[in-house]
Amino acid sequence: MQEPIYLYSICPRPLQPLPLPLGLAAPTQLIAVDNVAALVETGVDLQALQTDEPRLLNAVLSHDRVICELFQHTPLLPLRFGTQIATIEHLKAHLASQGADYAAKLAILGHQVEYQLKLVAQPVELPPLAEGLTGRDYFLAKKQRLQDQTAAQEQQHQELEQVLNELHAAYENYLEAESPAGEARVYLLIDRAAAEGLEQRVEELRSQTTHWQITLSEPLPPYHFV
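Computed from a predicted model, the values in this text were never measured in an experiment.

## Points about unusual backbone geometry
One non-glycine residue, aspartate 34, lies in the positive phi region at around 55 degrees. Tracing the chain through its elements places aspartate 34 in the loop between strand 2 (29–33) and strand 3 (36–42). Assessed through its relative accessible area of 56%, aspartate 34 is described here as exposed.

This is the structure in structure tokens:
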């Protein structure tokens, strides 16, 4: 019985051989039909991975590594971890039937890259209460400290809203992700040629923002815009 074929991404059919990354456990290969191709690996046992948490985590990271390595050489449409198809024949039939749609998406995304902006709230630091306070003086000092903390948190919230609004206004392909408390994550899809402008804008935002640490990822495949 033939093992399922594990899929990483769809890309244009290359005119010249591409350097193909090592997969989860074996070399990857390109299966091409007409103008599109799929990066695949054979022999991946997903059921075995599901029962071994460390191996599963490593496989998820390796899946992204493979996609990012190929993305350095060609535009692509990343596929979710765990995507499989029954046989090579089924894959070729799928590429033949969906090839025009894949080619159209690749034409749109071919010169674009995704970036993640991550904002992490900085701790609100207030000076300690003066020593020796008692009674009413202590109560008033505690009240003032609470007011100062509330004001700092409000300023922090306003800074975040200002950054997000500016990014949303500046970039058409903007996606705000769910994030834990004290963090915010934004994904932007931009033309490769606009990368320098984005880096400059992030530097400006950093200089204007005192309550948030802003980090910008490396250029990524369009994970959130396919």
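## Considering the sheet that holds strand 9 (residues 212–216)
If you walk across this open sheet you meet the four strands as 7-8-6-9, and the pairing is antiparallel. Two strands in the sheet have a free side with no partner beyond their single neighbour: strand 7 (174–177) and strand 9. Strand after strand, the sheet turns through a mean of 20 degrees between neighbouring axes, direction not considered. Relative to strand 8 (residues 183–191), strand 7 runs antiparallel, the two being bridged by four bridges. Of the residues in strand 8, the one forming a bridge with tyrosine 174 is leucine 188.

## Observations concerning the nonpolar core
In this structure, Leu117, Leu119, Leu167, Leu188, Ile190 and Leu198 are the most contacted members of the largest nonpolar core, which totals 35 residues. The element contributing the most residues to this core is helix 2 (residues 53–71), with five residues. Of the residues that make up this core, three or more belong to each of domain 1 (5–109) and domain 2 (112–216). Here leucine 119 is in contact with Leu160, Val163, Leu164, Gly182, Glu183, Ala184, Trp212, Gln213 and Ile214, once residues within four sequence places are set aside. By size, the runner-up hydrophobic cluster in this structure holds 17 residues, among which are Ile31, Leu91, Leu106 and Leu109.

## Thoughts on helix 3 (residues 88–109)
For helix 3, with 22 residues, the first-to-last C-alpha span of 26 Å runs short of the 32 Å given by 1.5 Å per residue. Of the positions making up helix 3, those classed as buried are Ile88, Leu91, Leu95, Gly99, Tyr102, Leu106 and Leu109.

## Focus on the domain arrangement of the protein
What the domain assignment lists for the protein is domain 1 (5–109) and domain 2 (112–216). Relative placement of domain 1 and domain 2: their C-alpha centres are 37 Å apart.

## Observations regarding the pairing of strand 2
Here five bridges tie strand 2 to strand 3, and the two strands are oriented antiparallel to one another. Residue pairing in the sheet places glutamine 29 in a bridge with valine 40 of strand 3. The antiparallel hairpin formed by strand 2 and strand 3 contains two residues in its connecting segment, where aspartate 34 sits at a positive phi of about 55 degrees.

## A short note on the pattern of salt bridges
On inspection of all chains with the given rule, the structure shows three salt bridges. Salt-bridge contacts for arginine 65 lead to glutamate 69; the nearest nitrogen and oxygen are separated by 3.4 Å. Residue arginine 65 and its partner glutamate 69 are located together in helix 2, separated by four residues, close to a single helical turn. Judged by its relative accessible area of 31%, glutamate 69 falls in the partly exposed class.

## Focus: the pairing of strand 3
Of all the seven residues making up strand 3, six are buried; the element is thus mostly covered by neighbouring parts of the structure. Relative to strand 3, strand 1 (residues 5–12) runs antiparallel, the two being bridged by seven bridges. Directly across from cysteine 11, in strand 3, lies its bridge partner alanine 37.

What counts and how
Residues numbered from 1 in each chain as written. Predicted model: local features only at pLDDT ≥ 70, side-chain atom pairs only at ≥ 80, totals over all residues. Heavy atoms only, no water. Helix = DSSP H or I, 4+ residues; strand = E, 2+ residues; numbered from the N terminus. Buried < 20%, exposed > 50% of the residue type's maximum accessible area, 1.4 Å probe, protein only. Pairing = 2+ DSSP bridges. Axes fitted to C-alpha atoms, helices over the stretch in contact; angles between N-to-C directions. Core = buried A, V, L, I, M, F, W, Y, C linked by side-chain atoms within 4.5 Å. Domains from an automatic or database assignment. Contact = heavy atoms within 4.5 Å. Expected span 1.5 Å × (residues − 1). Salt bridge = Lys/Arg side-chain N within 4 Å of Asp/Glu carboxyl O.

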